[in-house]
Amino acid sequence: MSRECEFLVVGGGIAGVSCAESLAICRPNASILLLTESSIVKSVTNLVPVARYLHKFDVREQYVTEMGASFETLVDRLDHINSSEHCTRTKAGVEIKYRYLCLCTGGTPKLFSGKCVDPLVIGIRDTDSVQLLQRKLATAKDVLILGNGGIASELAYELKDVNVHWVVKDSHISATFVDPGAAEFFHIAMNECNAEDSSPVAAIKRMRYSEVLPKEQTNNHGAALGPDWQRTVDLSGAREGGEKRLPKIYYKSRINSVQDLADDAGALVKLEHEDGSFEQLTCDFIVSATGVWPNTDYTCDSPLQFSDDGGIIGG
Ligand SMILES: Cc1cc2nc3c(=O)[nH]c(=O)nc-3n(C[C@H](O)[C@H](O)[C@H](O)COP(=O)(O)OP(=O)(O)OC[C@H]3O[C@@H](n4cnc5c(N)ncnc54)[C@H](O)[C@@H]3O)c2cc1C
């Protein structure tokens, strides 16, 4: 089977759907095909400008069939790109000829790559990874969070009944979003909050938007989670008390090495501080929240090239 279109957009996350919708507005006569691995797609709704460059919006998850979109859709996985012939092949064997190809296939968490075995280091991306986090938390007393972006900043203050060791490479928390002064303010505010009130929301500068959940709450093979993902999830560890404990923060630090402990006792982590000193701690597992790599689970006739920030360089 084969198909042909002017614009082939791959990925049913917010980027892919917004891309296809924008193309449909800008080029109403063009043939646009959205290729999505998941039958549930994410789109922007209730877009309201709140300032010149700031918009507020909701994220809607819906079945592809419910989109009523001004472009065609195909639920299948991109398998191969033949860029010299402007042609792609899907997992089901459909050949799609295109003039322009828009890759919006999202990212996978960059995991800290020490010598430790996989189950000791997890990333958070979708429902599956959150369920893994919950399972590991259920027996955990000490968790190490590595990273200083949105996911790390949220998790550090959301986990309950577990000691949180938060390792950040910067001299202040949430450095991806706030400057040192604001970080200090937020940190003091967090310390003053009681367990119920402590919320990571204030520490994150980016726009938060509400999720309108789909009928079937699954993100398997689908888009990445979004804001407030943790609201409906029990993130309790194995220590008693039912309380959120403030994280112990290790500034200007990085993981030097990780050693698996015998009998599933977790990991012995050696931290290296910027001043050259070292410190050891034990934890049950590590949440690696240090950004993402582009999803490139497809082959290409010519090797994909990446920019310094990890993005795919278009030709
Ligand atoms: C826990 C968590 C919390 C977050 N919180 C926030 C927040 O508060 N605010 C915020 O702005 N952002 C937040 N983000 C980030 C936000 O979720 C992502 O930036 C956004 O979802 C990226 O959208 P995307 O469309 O680029 O990728 P994705 O949402 O990952 O979508 C990629 C799509 O491509 C599809 N795909 C992949 N490979 C193929 C293939 N080979 N063939 C066909 N389809 C394919 C996938 O099925 C998926 O539908 C959070 C992310 C996480 C994980």
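The structure presented is a predicted model; accordingly, all values stated were derived computationally and were not measured.

Summarise the overall build of the protein; cite the residues concerned and give the values.
Along the protein, the regular secondary structure elements total four helices and 20 strands. Relative to its 315 residues, the protein shows a buried fraction of 44%. Within the protein, residue pairs in contact and separated by at least 24 positions form 61% of the contacts whose partners lie at least 6 positions apart.

Can you lay out unusual backbone geometry for me, pointing to particular residues and giving the numbers?
Although it is not a glycine, S174 sits at a positive phi angle of roughly 55 degrees. For S174, a relative accessible area of 1% corresponds to the buried category.

Provide a residue-level description of helix α4 (residues 180–192), including the pertinent values.
The first and last C-alpha atoms of α4 sit 18 Å apart over 13 residues, in line with the 18 Å expected at 1.5 Å per residue. What α4 keeps buried is the set A183, F186, H187 and M190. In a view along the axis of α4, the buried residues occupy a sector of 100 degrees, so they form one face of it. Those residues of α4 that are exposed and aimed more than 90 degrees away from the buried face are F185 and E192. Considering only its buried residues, α4 is in contact with α3 (150–158) and β14 (248–250).

Got a sec to walk through helix α2 (residues 127–137)? Specific residues and values, please.
Along α2, the residues classified as buried are T127, S129, V130, L133 and L137. Projected down its long axis, α2 carries its buried residues within an arc of 165 degrees, all on one side. At its buried positions, α2 is contacted by β10 (121–122), β11 (142–146), α3 and β18 (285–288).

Please give an account of the environment of S236 that cites residues and values.
If you trace the backbone, S236 turns up in the loop between β13 (211–212) and β14. It is 8.9 Å that separates the C-alpha atoms of S236 and A140, two residues lying 96 residues apart in sequence. Sequence-distant contacts of S236, defined by excluding residues within four places in its chain, comprise L137, A138, K160 and D161. Side chain to side chain, S236 and D234 meet in a polar contact 2.6 Å long.

Could you give me a rundown of a nonpolar patch on the surface, with the residues and numbers involved?
On the surface, a cluster of nonpolar side chains totalling about 240 Å² of accessible area is made up of V48, V50 and L54. The residue V50 is located in strand β3 (residues 40–51) in this model. For V50, a relative accessible area of 47% translates into the label partly exposed.

Quick one: what's the story with the environment of F7, residue by residue and with numbers?
With respect to the helices, strands and loops of the structure, F7 is situated in strand β1 (residues 2–10). Separated by 17 residues in the primary sequence, F7 and A24 place their C-alpha atoms 9.8 Å from one another.

Tell me about the confidence of the model for the protein, residues and numbers included.
Scored by pLDDT, the protein has a mean of 86; 89% of the residues are at 70 or more. Confidence scores differ between elements of the protein, with β13 showing the lowest mean pLDDT of 47 and strand β7 (residues 87–90) the highest of 98. Here residues 198–220 scores under 50 on pLDDT; set against residues more than four positions off or in separate chains, the count is 62 contacts.

Describe the sheet that holds β10, with residues and values.
Reading across from one edge, β10-β18-β11-β12-β14 is the order of the five strands in this open sheet, with parallel pairing throughout. Of all strands in the sheet, those bounded by a partner on one side alone are β10 and β14. Across three bridges, the pairing between strand β12 (residues 163–167) and β14 is parallel. Across the sheet, residue W166 finds its bridge partner in β14, namely I249. On top of the sheet, α2 reaches β10, β11 and β18; it is set at about 155 degrees to β18, its chief contact.

Outline the side chain of T88, supporting the account with residue identities and numerical values.
By the secondary structure assignment, T88 is in strand β7. Taking relative accessible area as the criterion, T88 reaches 1% and is therefore assigned buried. In this view, T88 contacts L8, L78, H80, I81, V94, E95, I96, Y98 and L101; residues no more than four positions away in its chain are not counted.

Tell me about the state of the cysteines, and name the residues and values.
With the rule as written, the count across this model stands at zero disulfides. Left unpaired, C26 is separated from the closest cysteine sulfur, that of C19, by 9.8 Å.

Which residues make up the side chain of T45, and what values go with them?
Along the chain, T45 turns up in strand β3. Residue classification places T45 among the buried residues on the basis of a relative accessible area of 16%. Apart from the residues within four sequence positions on either side, T45 is in contact with F57, D58 and R60.

Tell me about the pattern of salt bridges, residues and numbers included.
Tallied over the entire structure, the rule returns 11 salt bridges. Across the pair E72 and R3 runs a salt bridge, and its minimum N-O distance is 2.7 Å. Here R3 lies in strand β1 and E72 lies in strand β5 (residues 72–75), a separation of 69 residues in the sequence. Looking at E72, the relative accessible area reads 46%, which means it is partly exposed. Look at R3 and you get partly exposed, because its relative accessible area is 21%. Among the charged side chains, a network of salt bridges with common partners joins E6, R27 and R99.

What counts, and at which threshold
- Residues numbered from 1 in each chain as written.
- Predicted model: local features only at pLDDT ≥ 70, side-chain atom pairs only at ≥ 80, totals over all residues.
- Heavy atoms only, no water.
- Helix = DSSP H or I, 4+ residues; strand = E, 2+ residues; numbered from the N terminus.
- Buried < 20%, exposed > 50% of the residue type's maximum accessible area, 1.4 Å probe, protein only.
- Contact = heavy atoms within 4.5 Å.
- Expected span 1.5 Å × (residues − 1).
- Arc of directions from axis to C-beta.
- Polar contact = N/O pair within 3.5 Å; in protein donor to acceptor, adjacent residues only side chain to side chain.
- Patch = residues over 30% accessible without salt bridge, like charges linked within 9 Å, V, L, I, M, F, W, Y side chains within 5 Å.
- Areas by Shrake-Rupley, 256 points an atom, 1.4 Å probe, with all protein chains shown as cover.
- Salt bridge = Lys/Arg side-chain N within 4 Å of Asp/Glu carboxyl O.
- pLDDT = per-residue confidence, 0-100.
- Pairing = 2+ DSSP bridges.
- Axes fitted to C-alpha atoms, helices over the stretch in contact; angles between N-to-C directions.
- Disulfide = S-S within 2.5 Å.

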